[in-house]
Every structure is written in C-alpha cells, then in structure tokens.
Amino acid sequence: MMLAFDGASIDGLAYRDATDLAQRSPGWLDTAVTWWSAYGLALFALLMVAGWWRSRRTGAAAAVTALAVPVVVVLAYGVDAVLKLTVREDRPCQSLRVRTLEACPAPDDWSFPSNHAAIAAAAAVALLFVSRRLGTVACAAAVAMAASRVWVGVHYPHDVVTGLVVGGLIALTSMLAVRRGSSALARRVAASAPLRPLLSAP
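It should be emphasised that the depicted structure is a prediction, and the values quoted were computed from it without experimental measurement.

A.B. asks: Account for unusual backbone geometry, naming residues and giving values.
C.D. replies: A cis amide bond, omega -10°, links phenylalanine 112 with the succeeding residue proline 113. Relative to the helices and strands, proline 113 is located in the loop between helix 5 (92-95) and helix 6 (115-128). Positive phi, close to 55°, is recorded for arginine 88, a residue that is not glycine. Backbone geometry places arginine 97, a non-glycine residue, at a positive phi of 55°. Tracing the sequence through the fold places arginine 97 in the loop between helix 5 and helix 6. By relative accessible area, which is 71% here, arginine 97 ends up exposed.

See below:
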C-alpha cells in the first residue's frame, strides 16, 4: 500500500460544507455543475481556436502568440502532474467518506493540485495575451471549473486554489517570454512553407 498525504486537516471542513450543500441543492444545478466539471475544458479549447483564428488578421507575431497558448497549457499540465506525483495526496472522497456527485477516483489518482484547475488557469492567463475579451471569459470559466471540482467532491479547496496558481504562474512566465520573442518566432515559422498558413488569414 502506498503512503499518501491526507489533506483533510487543511480544509476538510470547507470541503464537507461544499459537498453537503451539493447534496441539498436542486437536481438541475447539480447536473449542470457535474456536466461542466466533466466537459467544461472543451470551452477553453474552443477559446484557443477562436483566439488563433482572430489573431491571424492582426499579424504574424500575434498569430504566433496565439499558437503558443496550447503549448503553454500542456506545459502547465506537465508541471501539475509532477507535483501530483511528488505530493501524493489522497482524494478527499477517499479520506472523508462523504457522498459525492462524481464517482471517487482510484486510490492512486492523486488529488493535489487539481489538473482541471491548472489547465483552465493556464489557458485563461495565456489567452489574456491574445485577446482581453477571450481571456476575461476564460478567467471566469477557470474559476467556475475550480469550484465545480470541489462541488462534485473530487478535490479539496486547497487543491483547486493551488492548481489555479500553478497554471496561472506557468502561463504568465511562459507568455511573457513568448511575447518578447514573438517577432523572431514569427519569422522562423514563416520561413517554413507548411507552417506559414498558420500565421495569416487566406
């Protein structure tokens, strides 16, 4: 049996309050939150595509910045996954034995930090470098995604807060570097015939 960290002492009470509230809430609300928790990340993918599509009309450097967003999201996910394997925190639904809206993940599917929150935050912060409007929508969606993971019972609040911080910081530092080198990157991509159509609208 693998030894794992029990995060219940940090904010287990707040987690119980959230899951208890979920159990007492209207069915339509729980259904909506559960659906968002499971499938909401698709919205961030759509926003990334929309950001790239619009940026092609602005210029090659803007298009390169938009193309960097999914790369940054993958990087944030990788860092978050390494932290999960390092900390190895049990899921709250395993430690506290409460009723949850979503089935409790397997014992070796660690809880801290939240992958969903990290991915959402990374996409949101990175999109702010592409479009303030799309980034603002994504930021609101990221907070909703983080909250939904606690609501359905698969994460403690500190899991999702840390996921938001990790994803946001990775995206901020990465996109600042991309913005500084976007012109040079655009020239390199433009020099490649197969990739050149990615930088400008037809």
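A.B. asks: Now, about the environment of proline 157: what can you tell me, with residues and values included?
C.D. replies: If you trace the backbone, proline 157 turns up in helix 8 (residues 157-190). Sequence-wise, proline 157 and aspartate 6 are 151 residues apart; in three dimensions their C-alpha atoms are separated by 14 Å.

A.B. asks: How would you sum up the state of the cysteines? Please name residues and give values.
C.D. replies: A full pass over the atoms with the stated rule returns one disulfide. Each sulfur in the disulfide pair cysteine 93 and cysteine 104 lies 2.2 Å from the other. The sign of the 80° torsion about the S-S bond sets the cysteine 93-cysteine 104 disulfide as right-handed. Of this pair, cysteine 93 sits in helix 5 while cysteine 104 sits in the loop between helix 5 and helix 6, and the two are eleven residues apart along the sequence.

What counts and what doesn't
- For every chain, the first residue of the written sequence is number 1, and numbering continues from 1 onward in sequence order.
- Where totals are concerned, whole chains, interfaces and linings use all residues; where local detail is concerned, this predicted model gives features only for residues with pLDDT of at least 70, and gives and counts side-chain atom pairs only at 80 or more.
- Computation of side-chain values covers all heavy atoms of the structure but excludes hydrogens and water.
- Helix and strand definitions here come from DSSP, where helices need a minimum of 4 consecutive H or I residues and strands a minimum of 2 consecutive E residues; each element is numbered from the N-terminal end.
- Here's how the labels work: a residue is buried when its accessible area is under 20% of the maximum for its type, exposed when over 50%, partly exposed in between, all with a 1.4 Å probe on protein chains only.
- Note that a disulfide, as used here, is simply two cysteine sulfur atoms within 2.5 Å.

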